[in-house]
Amino acid sequence: LSNLAWLENLNKMQELRIPHFSAYALTVEEGTALQHHIQQKKQSPIDNEQTAQQFELLMDYAPAFGFEQYEISNFASEKQYALHNTHYWKGVPYLGIGPSAHSFDGQERRSNIANNSAYLKSIFNHQQLDCSIEVLTEHQKLNEYLMTSLRTIWGCDLNKIEQEWGAQEVAILKKESQIFMEKNWMTLEEQSIKLTKEGRLFADHIASELFFVEE
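Below: a short report on this structure. Residue positions are given per chain, counting from 1 as you read along its sequence in written order. Residue-level local features of this predicted model are given only where pLDDT is at least 70; pairs of side-chain atoms are given and counted only at 80 or more, and the full residue set underlies all totals for whole chains, interfaces and linings. Based on all heavy atoms of the structure, the side-chain values leave hydrogens and waters out of the count.

**As for the overall build of the chain**
Then, in step 1: Along the backbone of the chain there are 9 helices and 9 strands.
Then, in step 2: Principal-axis analysis of the C-alpha atoms gives the chain an extent of 55 × 45 × 40 Å.
Then, in step 3: Evaluated residue by residue, the chain yields a buried proportion of 33% over its 215 residues.
Then, in step 4: Across the chain, every contact between residues at least 6 apart in sequence was considered, and the portion connecting residues at least 24 apart equals 49%.
Then, in step 5: Taking the average location of the 18 positive side-chain charges in the chain and that of its 30 negative ones, the two points are 5 Å from each other. Each helix corresponds to a stretch of at least 4 residues labelled H or I by DSSP, and each strand to a stretch of at least 2 residues labelled E; elements are numbered beginning at the N terminus. Partly exposed residues are those whose accessible area sits between 20% and 50% of the maximum for their type, while under 20% is buried and over 50% is exposed, using a 1.4 Å probe and protein chains only. Contacts were defined at the residue level, with two residues in contact if any of their heavy atoms lie within 4.5 Å. When charges are counted, Lys and Arg are positive and Asp and Glu negative, with His and the chain ends excluded. Just so you know, the charge point we use is NZ for Lys, CZ for Arg, CG for Asp and CD for Glu.

Written out as structure tokens, the structure is:
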């Protein structure tokens, strides 16, 4: 998709006056038809530089037409945020219903069985869902909060981290964040660490560098 075609798509979206849209960069997954076509040279590989250019165009375009980039890949007008996903990004417990759905109660994550038939049988035969359960360590919960909150306009709340994980974690996070603040990829605003416009291009890298390692 050329940059011109990308802008034409964005203009069409504005004409339709939609209240919310998501824009995720294409990822080539292992074992997919797309990966096979790229390997066989039937499809052009992903151009990371063009992807970055189009993401920057999107970030310039969105506010000009009344869209708020409330999460890196999600945009809303008049604060019409996706409620379920907003809870997910803020680390609030959420319930997933149906095959493959995920839930989180603040301590453990549940993943429902993916097969539709097996999902129904688990309900009718056992009166309970067949699911896998993952109990998170404190550092895993903190890392997940870092990864998701940094993607949002609300950022990573240092007061929340101090209350739930401790002052030492806040001190470490401030120290480790300094290098990204010097690059103008992050800012500290009212006890929240947030990504700048440029920093959003490196969100995954920044989060992984800030992760706490299990002792």
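**Here's the deal with the sheet that holds strand β5 (residues 108-112)**
Then, in step 1: Note: two strands are recorded as paired if DSSP finds a minimum of 2 bridges between them. Overall, antiparallel pairing links the 3 strands, which are arranged β4-β5-β6 in an open sheet. At either end of the open sheet lies a strand with only one pairing partner, and these are β4 (102-104) and β6 (131-135). Ignoring strand direction, the axes of neighbouring strands in this sheet form an average angle of 20°.
Then, in step 2: Pairing geometry for β5 and β6, over 5 bridges, is antiparallel. Note that in β6 the partner of Ser-111 across the bridge is Ser-132. Between the N-to-C directions of two axes lies an angle of 0 to 180 degrees, each axis being a line fitted to C-alpha atoms and, for a helix, fitted only over the stretch in contact.

**A closer look at the pattern of salt bridges**
Then, in step 1: Should a side-chain nitrogen of Lys or Arg be within 4 Å of a carboxyl oxygen of Asp or Glu, the pair is scored as a salt bridge. Under the defined criterion, the tally for this structure stands at 11 salt bridges.
Then, in step 2: Between Asp-60 and Lys-197 there is a salt bridge, with its nearest N and O atoms 2.2 Å apart. Of this pair, Asp-60 sits in helix α3 (residues 48-64) while Lys-197 sits in the loop between β9 (192-195) and α9 (203-210); the two residues are 137 residues apart in sequence, bridging distant segments of the chain.
Then, in step 3: Overall, the relative accessible area of 38% leaves Lys-197 in the partly exposed class.

**Considerations on the packing of helix α1 (residues 3-16) against α3**
Then, in step 1: The contact between α1 and α3 brings their axes to 11 Å, and the two run at 30°. When the axes of α1 and α3 are compared, the pair comes out roughly parallel. For α1 against α3, the interelement crossing comes out right-handed. Residue-level inspection shows Asn-3, Trp-6, Leu-10, Asn-11 and Gln-14 of α1 in contact with α3, the latter providing Gln-50, Gln-53, Gln-54, Leu-57, Leu-58 and Tyr-61. Angles are sorted into four bins: roughly parallel if under 35 degrees, roughly antiparallel if over 145, roughly perpendicular if 65 to 115, and oblique for all others. Handedness of each helix crossing follows the sense of rotation of the near helix against the far helix: counterclockwise by less than a right angle gives left-handed, clockwise gives right-handed.

**Description of the nonpolar core**
Then, in step 1: Residues Leu-58, Leu-146, Cys-156, Ile-161, Leu-173, Met-186 and Leu-210 are the most contacted members of the largest nonpolar core, which totals 32 residues.
Then, in step 2: Elements that contribute at least two residues to this core include exactly α1, α3, α6 (138-149), α7 (158-164), α8 (167-182), β9 and α9.
Then, in step 3: When residues of this core are assigned to their parent elements, the largest contribution, 5 residues, is made by α3.
Then, in step 4: Ignoring sequence-local partners within four residues, the contact set of Ile-161 consists of Leu-142, Tyr-145, Leu-146, Cys-156, Gly-166, Glu-169, Val-170 and Leu-173. Here, nonpolar core refers to any group of buried Ala, Val, Leu, Ile, Met, Phe, Trp, Tyr and Cys residues whose side-chain atoms link them within 4.5 Å.

**Quick word on the packing of α8 against α9**
Then, in step 1: Between α8 and α9, the least distance of the axes is 10 Å, while the angle of their chain directions is 145°. Relative to α9, α8 is oriented so that their crossing is right-handed. Facing α8, whose interface residues are Leu-173, Glu-176, Ser-177 and Phe-180, α9 presents His-205, Ile-206, Glu-209 and Leu-210.
Then, in step 2: Each residue is assigned to one class: nonpolar for Ala, Val, Leu, Ile, Met, Phe, Trp, Tyr, Cys and Pro, charged for Asp, Glu, Lys and Arg, and polar for all the others, Gly among them. Of the residues contributing to the contact of α8 with α9, the split by class is 4 nonpolar, 2 polar and 2 charged.

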